[in-house]
Amino acid sequence: PDMKKLLCTATALFAALSLSTAAFASGGVVKSTANEMNVVTFESGSETQAKLQYMADSDPDNFYAGLSTDWDDCAFADLFDDQNAFLYAFEINPSIPSTTVPTIVIYNPFDADGDAAINPKDVVFYRISNGTLEDVSSYFTVGENDSGDTIFTVRTRTPGTYILAEKEVDLASVSKPSATAEPKETAAKTDATGLYLPSRR
């Protein structure tokens, strides 16, 4: 896999639990600590984009973790040209060694004070799945972390490519391009902990 932006840092989110973290400059292999809560933090500069949180099993294998926010490889980019939308392409290989369903946390990318500001509850979530664009809004939870940051969370064993949009697109008009199949999410609510990324307009 291509090396993407990734940095693993400690967080106070699971203060009551043991935390295991690792650090990478631009993506790499995560070495989990067995039987502990592990947190992978994806950052750009000093800003946090997203996190991966999971309880490692008793004999965890190493795995690659990365995140890309580049629209260039997205077959559906043109569909979002008339609005603010943000892409998060998670890359996990081969799998997350977790005893429970891991949590993906995405920080609200819509500028609360600028032109991109919208109500977080109005954000529409899409996933590129099985070569199609799928609305997965019902799987995401909107909330805040302990620092008051707005966050979007979803539980899944197979993090994939997500698009956060300010309004719905017409899925009926979308033709099916060739793309790698990606499994659906596991719906669940979780407490967990944006970066203001360049958006499609």
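Calculation rules
As a convention, each chain's residues are numbered from 1 in the sequence order in which they are written. Only residues with pLDDT of at least 70 are given local features in this predicted model, and only at 80 or more are side-chain atom pairs given and counted; all residues enter the totals for whole chains, interfaces and linings. The side-chain numbers reported here are obtained from all heavy atoms of the structure, hydrogens and water having been left aside. Helix numbering and strand numbering both begin at the N terminus, where a helix is a DSSP run of H or I of at least 4 residues and a strand a DSSP run of E of at least 2. Relative accessible area decides the class of each residue, using a 1.4 Å probe on protein chains only: under 20% of the type maximum gives buried, over 50% gives exposed, and in between gives partly exposed. The method behind every accessible area is Shrake-Rupley, applied with a 1.4 Å probe, and residues are considered shielded solely by the protein chains displayed. For Phe, Tyr and Trp, where Trp contributes only its six-membered ring, two rings pair if their centres lie within 6.5 Å, and the inter-plane angle classes them as stacked under 30 degrees, edge-to-face over 60, or tilted in between. The term nonpolar core refers to a set of buried residues drawn from Ala, Val, Leu, Ile, Met, Phe, Trp, Tyr and Cys, joined through side-chain atoms within 4.5 Å. Contacts are assigned to residue pairs with any non-hydrogen atoms lying within 4.5 Å of each other. DSSP-based pairing: two strands are paired if at least 2 bridges between them are found. Lines fitted to C-alpha atoms define the axes, with helix axes restricted to the stretch in contact, and inter-axis angles between N-to-C directions lie between 0 and 180 degrees.

Draft legend 1. Fine view of the overall build of the protein chain. Along its length, the protein chain carries 0 helices and 12 strands. Of the regular secondary structure in the protein chain, the N- to C-terminal order runs β-β-β-β-β-β-β-β-β-β-β-β. Here the protein chain, with 201 residues, has 49% of them falling under the buried criterion. Carbon and sulfur atoms make up 44% of the accessible area of the protein chain, which amounts to about 9500 Å² in all.

Draft legend 2. The packing of aromatic side chains, seen in detail. Applying the stated criterion to the full structure yields 9 aromatic pairs. Residues F86 and F110 carry aromatic rings whose centres are separated by 4.7 Å and whose planes lie at 85 degrees to one another, so their mutual orientation is edge-to-face. Here F86, found in strand β6 (residues 85-93), pairs with F110, found in the loop between β7 (103-107) and β8 (124-129); they are 24 residues apart in sequence, far enough to count as distant. There is no split in this pair, since F86 and F110 are both buried. Taking 4.2 Å as the distance between ring centres and 5 degrees as the angle between the ring planes, the aromatic pair formed by F125 and F140 counts as stacked. Taken together, the residues F125 in strand β8 and F140 in the loop between β9 (132-135) and β10 (141-144) connect sequence positions 15 residues apart. Residues F125 and F140 agree in their burial class; the two are buried. Feature note: the residues F42, F90, F125, F140, F152 and Y162 constitute an aromatic cluster, connected by ring pairs.

Draft legend 3. Structural view of the nonpolar core. One finds L52, F90 and L164 to be the most contacted residues of the largest nonpolar core, which totals 26 residues. For this core, the secondary structure elements donating two or more residues are β3 (37-44), β4 (47-55), β5 (63-68), β6, β7, β11 (150-155) and β12 (161-165). At 4 residues, the largest contribution of residues to this core is made by β6. Not counting the four nearest positions on each side in its chain, F90 is found in contact with F42, A50, G66, L67, I104, I106, P159, G160 and Y162. Residues F76, F80, L87 and V124 belong to the second largest nonpolar core, which totals 15 residues.

Draft legend 4. Seen up close, the sheet that holds strand β2 (residues 28-30). Across the sheet, 6 strands lie side by side as β2-β5-β6-β12-β8-β9; this open sheet has antiparallel pairing. Whereas interior strands pair on both sides, the edge strands pair on one side only; in this sheet they are β2 and β9. Averaged over all pairs of adjacent strands, the angle between their axes in this sheet comes to 30 degrees, without regard to strand direction. Summarising the sheet, β8 and β12 pair through 4 bridges and their orientation is antiparallel. Residue pairing across strands places V124 opposite A165, the latter belonging to β12.

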